[in-house]
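Next come the chains, spelled out residue by residue.
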Amino acid sequence: MELRTLSYFLAVAREQNMTEAANVLHVTQPTLSRQIADLEDELGKKLFTRTSRSTVLTEDGMHLRQRAEEILALVNQTEDEMKNDTIDLAGCIRIGAGETHAMHILADLFAELHSRYPRLTVELFTGNADTVEEKLAHGLIDFALMIEPFNVEQYHFIRLPETMRVGIVTRDDSKWAQKSGITPDDLNAMPLLVSSRQSLNRYDYRQWSGGKVSAETMNIVGKFDLISNVSHFIRTGIANAIGIDELLQLDTGHLKFIPLNPALTLSAVIVWKKYRLLSKSSSVFLEELKQRVDSESSKDKLKR
């Protein structure tokens, strides 16, 4: 199918009205209707349910919309890379990540590069690990910042030097708030909100607790993908959330982070696809990142 046809299809999906979509595309409504009808015939699928006032996606239409957006995003990305592969370094670096303080490393690096190359831009995508990895697999982002445990075998990767403490986030007036550390017995006793990450178990509770804590022993009230919205549930006092330290969303008052005891720490990795030719802007970003990580690692060795 033609890219123009996909653009027409997405316009109708966004506007949910054939007339409005035709106006946006600057084509006549009969022309647009014919294009959509031809697309449905080609696919053998009904993509829209039409009424006198709206044009709504069917289930097949929703699936095509997701893929069409990915296809056109890749086309636009490739065009940008071809146009901007110049000496003065212009282009977009696309980064996907979950919520982690380790993002400051990438932010600082981009700020430094942008000061040298003002036409350099960045596009950020925030989501849980499974969603970010899917974007990376489809080529919609250049790099992904992932919190371990994460299977890095199918990617190139750089492990960042900083580590993150695992603990609970609780109300600052809860009965847990005065503790200096959360023991396995504490964790089993409290109501919890935990990560819904599907690709891997985020934390190895059994190993950390010496077999005392598991999904079966914990009082799990609910699950979440990103912790920013969970903060509202924590403030109600209904439960505490297991997470990592230094998330900016927790600097809003009335919440407190308490680390696990014994300590449990995680590291973060920057990953990118194997056998993929990076744009010039992404290649420069990667080389600068490698140099920065190597420098930090050397400093740590000297301190020891």
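Figured I'd write up the structure that's included with this text. As the structure is a computational prediction, the values presented were derived from the model and not from experiment. (Residues numbered from 1 in each chain as written. Predicted model: local features only at pLDDT ≥ 70, side-chain atom pairs only at ≥ 80, totals over all residues. Heavy atoms only, no water.)

Some points on the side chain of Asn 240
Here is step 1: Note that Asn 240 resides in strand 9 (residues 240-244).
Here is step 2: Only 2.7 Å separates the side chain of Asn 240 from the side chain of Thr 170, close enough to count as a polar contact.
Here is step 3: Setting aside anything within four residues of it in sequence, one finds Asn 240 in contact with Ile 168, Val 169, Thr 170, Trp 176, Met 190, Pro 191, Leu 192 and Leu 193. (Helix = DSSP H or I, 4+ residues; strand = E, 2+ residues; numbered from the N terminus. Polar contact = N/O pair within 3.5 Å; in protein donor to acceptor, adjacent residues only side chain to side chain. Contact = heavy atoms within 4.5 Å.)

Quick look at the pairing of strand 3 (residues 91-97)
Here is step 1: In terms of burial, strand 3 is largely enclosed, as seven of its seven residues are buried.
Here is step 2: A two-sided burial pattern is seen for strand 3, the buried positions comprising Gly 91, Ile 93, Ile 95 and Ala 97 on one face and Cys 92, Arg 94 and Gly 96 on the other.
Here is step 3: Sheet topology note: the strand 3/strand 4 (residues 120-126) ladder contains seven bridges and is parallel. By the bridge assignment for strand 4, Arg 94 is matched with Glu 123. (Buried < 20%, exposed > 50% of the residue type's maximum accessible area, 1.4 Å probe, protein only. Pairing = 2+ DSSP bridges.)

Points about the pattern of salt bridges
Here is step 1: Applying the stated criterion to the full structure yields 13 salt bridges.
Here is step 2: Salt-bridge contacts for Arg 65 lead to Glu 69; the nearest nitrogen and oxygen are separated by 3.2 Å. Placement of the pair is Arg 65 and Glu 69 together in helix 4 (residues 59-84), with a separation of four residues, close to one helical turn.
Here is step 3: By relative accessible area, which is 36% here, Glu 69 ends up partly exposed.
Here is step 4: In this structure, the salt-bridge partner of Glu 287 is Lys 290, at a minimum N-O distance of 3.7 Å. Residue Glu 287 and its partner Lys 290 are located together in helix 10 (residues 280-303), separated by three residues, close to a single helical turn.
Here is step 5: Classification of Lys 290 by relative accessible area gives partly exposed; the value is 31%.
Here is step 6: Each of Glu 112, Arg 116, Glu 288 and Arg 292 takes part in one network of salt bridges that share partners. (Salt bridge = Lys/Arg side-chain N within 4 Å of Asp/Glu carboxyl O.)

Here we look at the nonpolar core
Here is step 1: Counting residues in each nonpolar core, the largest one holds 43 residues, and the members touching the most others are Leu 160, Leu 187, Ile 242, Phe 285 and Leu 289.
Here is step 2: If you count residues domain by domain, this core takes at least three from each of domain 2 (83-161 + 268-303) and domain 3 (163-266).
Here is step 3: Look past the residues within four positions of Phe 285 in its chain and what remains in contact with it is Ile 93, Ile 95, Leu 106, Leu 109, Phe 110, Leu 113 and Phe 143.
Here is step 4: Counting 19 residues, the second-largest nonpolar core is a separate cluster that includes Ala 13, Leu 32, Leu 47 and Leu 57. (Core = buried A, V, L, I, M, F, W, Y, C linked by side-chain atoms within 4.5 Å. Domains from an automatic or database assignment.)

A closer look at helix 2 (residues 18-25)
Here is step 1: Burial in helix 2 covers these residues: Met 18, Ala 21 and Ala 22. Buried residues of helix 2, viewed axially, fall in a sector of 100°; they line one side.
Here is step 2: Buried residues along helix 2 sit against helix 1 (3-15), helix 3 (29-43), strand 1 (48-50) and strand 2 (55-57).
Here is step 3: Its side-chain oxygen at 2.9 Å from the backbone nitrogen of Thr 19, Asn 17 defines the N-terminal cap of helix 2.
Here is step 4: His 26, located one to two residues past helix 2, shows a positive phi value of around 60°. (Arc of directions from axis to C-beta.)

Details of the packing of aromatic side chains
Here is step 1: Applying the stated criterion to the full structure yields four aromatic pairs.
Here is step 2: Plain terms: the ring middles of Phe 9 and Phe 48 are 5.5 Å apart, the flat faces sit at 55° to each other, and that makes the pair tilted. Here Phe 9 is found in helix 1, whereas its partner Phe 48 is found in strand 1, with 39 residues between them in sequence. For the pair formed by Phe 9 and Phe 48, the shared burial category is buried.
Here is step 3: Taking the centre distance of 5.9 Å and the plane angle of 25° together, the rings of Phe 150 and Tyr 155 count as stacked.
Here is step 4: On the basis of relative accessible area, Phe 150 is assigned to the buried category, the value being 9%.
Here is step 5: Exposure remark for Tyr 155: the relative accessible area of 7% places this residue in the buried category.
Here is step 6: Linked through ring pairs, Phe 143, Trp 272 and Phe 285 together constitute an aromatic cluster. (Phe/Tyr/Trp six-rings, centres within 6.5 Å; stacked < 30°, edge-to-face > 60°.)

Considering unusual backbone geometry
Here is step 1: A cis amide bond links Glu 148 to the next residue, Pro 149, at an omega of 10°.
Here is step 2: Relative to the elements of secondary structure, Pro 149 occurs in the loop between strand 5 (143-147) and strand 6 (155-171).
Here is step 3: With omega at 10°, the peptide bond leading from Asn 261 into Pro 262 counts as cis.
Here is step 4: By the element assignment, Pro 262 lies in the loop between strand 10 (255-259) and strand 11 (265-273).
Here is step 5: The phi dihedral of Gln 16 falls on the positive side, at around 55°, and the residue is not glycine.
Here is step 6: For Gln 16, the location among the structural elements is in the loop between helix 1 and helix 2.
Here is step 7: Unusually for a residue other than glycine, His 26 sits at a positive phi of about 60°.

Here we look at the environment of Phe 125
Here is step 1: Relative to the elements of secondary structure, Phe 125 occurs in strand 4.
Here is step 2: For Phe 125, a relative accessible area of 24% corresponds to the partly exposed category.
Here is step 3: Counting along the chain gives 30 residues from Phe 125 to Ile 95, while the straight-line C-alpha distance between them is 6.2 Å.

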